[in-house]
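Tertiary structure, described
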Amino acid sequence: MRQISELEKLIDGYRLVTAEILYRMPDHPQLLQSYIWQDYDLEPKYPALSKFLDFWGRKLDGPIHSVRVGTRRVIHPSEFVRADFSGTIH
């Protein structure tokens, strides 16, 4: 299966998503620790973030307390112009 490039993701509407995950320390459940996750993902379902949080729940010991999500579109359609000609001038 072919991997999608970062530029293709941006053109297809992916957004840069940052999630702050607060989780309880396994040995000290009264303490919260912060973890920052960042990747390109699609709104509104956030499949990449959901996959990561599912992995966390199955494989890691620290239970998640809360997740705060911020998102930003990196390339807007009006900023991307397709060139009809590409050449070299001597």
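Residues numbered from 1 in each chain as written. Predicted model: local features only at pLDDT ≥ 70, side-chain atom pairs only at ≥ 80, totals over all residues. Heavy atoms only, no water.

What follows concerns the nonpolar core. Among the nonpolar cores identified, the biggest contains nine residues, and these are Val17, Ala19, Ile21, Tyr23, Trp37, Tyr46, Leu49, Phe52 and Trp56. Broken down by secondary-structure element, the contributors of at least two residues to this core are strand E1 (15-24) and helix H2 (47-59). Broken down by element, the residue count for this core peaks at four residues, all from E1. Beyond its immediate stretch of four places on either side in the chain, tyrosine 23 contacts Leu31, Leu32, Gln33, Ser34, Tyr35, Trp56, Gly62, Pro63, Ile64 and His65. (Core = buried A, V, L, I, M, F, W, Y, C linked by side-chain atoms within 4.5 Å. Buried < 20%, exposed > 50% of the residue type's maximum accessible area, 1.4 Å probe, protein only. Helix = DSSP H or I, 4+ residues; strand = E, 2+ residues; numbered from the N terminus. Contact = heavy atoms within 4.5 Å.)

Another point: the sheet that holds strand E2 (residues 32-41). The antiparallel open sheet is built from three strands, whose spatial order is E2-E1-E3. Two strands lie at the open edges of the sheet, namely E2 and strand E3 (64-73), each paired on one side alone. Direction aside, neighbouring strands of the sheet carry axes that sit 15° apart on average. Packed onto the sheet, H2 meets E1, E2 and E3 and runs at close to 145° relative to E2. (Pairing = 2+ DSSP bridges. Axes fitted to C-alpha atoms, helices over the stretch in contact; angles between N-to-C directions.)

What follows concerns the confidence of the model for the protein. Do not read the predicted coordinates in detail wherever pLDDT is low. When pLDDT is averaged across the protein, the result is 86; 82% of the residues are at 70 or more. Averaged pLDDT values for the elements of the protein fall to 80 in helix H1 (residues 6-11) and rise to 97 in H2. (pLDDT = per-residue confidence, 0-100.)

Our focus in this paragraph is unusual backbone geometry. Cis geometry marks the peptide bond from glutamate 43 to proline 44, where omega comes out at 0°. Here proline 44 shows up in the loop between E2 and H2. Even without being a glycine, tyrosine 46 presents a positive backbone phi close to 50°. In this structure, tyrosine 46 sits in the loop between E2 and H2. For tyrosine 46, a relative accessible area of 16% puts it in the buried group.

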